[in-house]
Amino acid sequence: SKDKVAMGLAATENVEIRSHDVIYHLLDEAKDVFSTYCPPTPFEQIHGKATVKAVFDINNNKDAEKVAGLMVQEGSFYLDKSSKESGSLHCKYRVHRGGEIITPEGVTAKSLRKVKEEVSSVRRGEEC
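Below or above, wherever it landed, is the structure these notes cover. Please read all numbers here as calculations on a predicted model, not as lab measurements.

## A few points about the pairing of strand β2 (residues 65–78)
So, point 1. Bridge analysis of strand β1 (residues 48–58) against β2 gives 10 bridges, and the strand direction is antiparallel. Counted as the bridge partner of G48 is G75 from β2.
So, point 2. Two successive antiparallel strands, β1 and β2, enclose a turn made up of 6 residues, where N59 displays a positive phi of approximately 80 degrees.
So, point 3. Sheet analysis places β2 next to strand β9 (residues 121–123), joined by 3 bridges and oriented antiparallel. Opposite S76, over in β9, you have R123 as the bridge partner.

Next up, the structure:
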C-alpha cells in the first residue's frame with residue numbers, strides 16, 4: 001500500500017513521521033522541534049524614558065531598599081508587559097547618569113505605583 005511505501009521511504013531517508021488527532025498537539029510539538037533548530041533570539045525594545053525626580057530609602061536602615069520617584073518623559077513604563085504574540089515580557093530598566101549607563105544589566109521593578117495605587121503601567125506625563 002501507499003502508506004507502507006511512504007513509511008519505508010521515510011525510514012531510509014531518516015525522516016521522522018508523527019501523527020496527531022488534535023491540531024493543537026501538532027502545533028505544540030512542531031514549536032518544540034523547530035525551537036531546537038531556531039532558538040529564540042533575545043531582543044531589546046525601549047518602551048519609554050523617564051527622569052528620576054527623587055530617590056527614597058525604605059525602612060531607614062543601612063540595607064534599605066531604594067525607591068525612585070519618576071516622571072515618564074516618553075512612551076510608557078510597565079511592571080511586566082504581556083502580549084498574545086510574545087507571551088510575558090519581563091521589563092528591565094537601565095539607569096543613566098551623566099550620559100553613562102550605571103545599571104548595564106538593568107534592574108527589575110518589584111512594583112509600579114501611582115501615589116499609593118499599584119498599577120501595571122504608567123504613561124507619558126505621569127509620575128510613579
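## Notes on a nonpolar patch on the surface
So, point 1. On the surface, V22, I23, Y24, L26 and L27 cluster together into a nonpolar patch covering about 490 Å² of accessible area.
So, point 2. Here V22 shows up in the loop between α1 (2–12) and α2 (23–37).
So, point 3. Relative accessible area serves as the criterion here: at 35%, V22 is assigned to the partly exposed category.

## Describing the environment of R124
So, point 1. Tracing the sequence through the fold places R124 in the segment after β9.
So, point 2. Sequence spacing of R124 and K49 is 75 residues, and the spatial spacing of their C-alpha atoms is 8.6 Å.
So, point 3. Setting aside residues no more than four positions away along its own chain, R124 makes contact with V72, Q73, E74 and G75.

## As for the pattern of salt bridges
So, point 1. Enumeration over the complete set of coordinates arrives at 7 salt bridges.
So, point 2. One salt bridge connects R18 with E29, and the closest N-O pair in it is separated by 2.1 Å. Here the residue R18 occupies a position in the loop between α1 and α2, and E29 occupies one in helix α2, the gap between them amounting to 11 residues.
So, point 3. R18 sits in the partly exposed class, given a relative accessible area of 39%.
So, point 4. With a relative accessible area of 25%, E29 lands in the partly exposed category.
So, point 5. Its salt-bridge partner being R113, residue E118 comes within 3.2 Å of it at the nearest N-O pair.
So, point 6. When its relative accessible area of 40% is taken as the criterion, E118 is described as partly exposed.

## Some points on unusual backbone geometry
Negative phi values dominate among residues other than glycine, just as trans dominates among peptide bonds.
So, point 1. The phi torsion at N14 lies on the positive side, around 55 degrees, for a residue other than glycine.
So, point 2. Structurally, the position occupied by N14 is in the loop between α1 and α2.
So, point 3. On the basis of relative accessible area, N14 is assigned to the exposed category, the value being 73%.
So, point 4. The phi dihedral of V115 falls on the positive side, at around 55 degrees, and the residue is not glycine.
So, point 5. Here V115 lies in the loop between β7 (113–114) and β8 (117–118).

## Some details on the nonpolar core
So, point 1. Ranked by size, the top nonpolar core spans 10 residues in total: L70, V72, F77, Y78, C91, Y93, L112, V119, V122 and C128.
So, point 2. Element by element, the count of residues in this core is highest for β2, at 4 residues.
So, point 3. Setting aside chain neighbours within four positions, we find V119 in contact with L79, L112, R113 and K114.

Parameters and conventions
- Residues numbered from 1 in each chain as written.
- Predicted model: local features only at pLDDT ≥ 70, side-chain atom pairs only at ≥ 80, totals over all residues.
- Heavy atoms only, no water.
- Pairing = 2+ DSSP bridges.
- Helix = DSSP H or I, 4+ residues; strand = E, 2+ residues; numbered from the N terminus.
- Patch = residues over 30% accessible without salt bridge, like charges linked within 9 Å, V, L, I, M, F, W, Y side chains within 5 Å.
- Areas by Shrake-Rupley, 256 points an atom, 1.4 Å probe, with all protein chains shown as cover.
- Salt bridge = Lys/Arg side-chain N within 4 Å of Asp/Glu carboxyl O.
- Buried < 20%, exposed > 50% of the residue type's maximum accessible area, 1.4 Å probe, protein only.
- Contact = heavy atoms within 4.5 Å.
- Core = buried A, V, L, I, M, F, W, Y, C linked by side-chain atoms within 4.5 Å.

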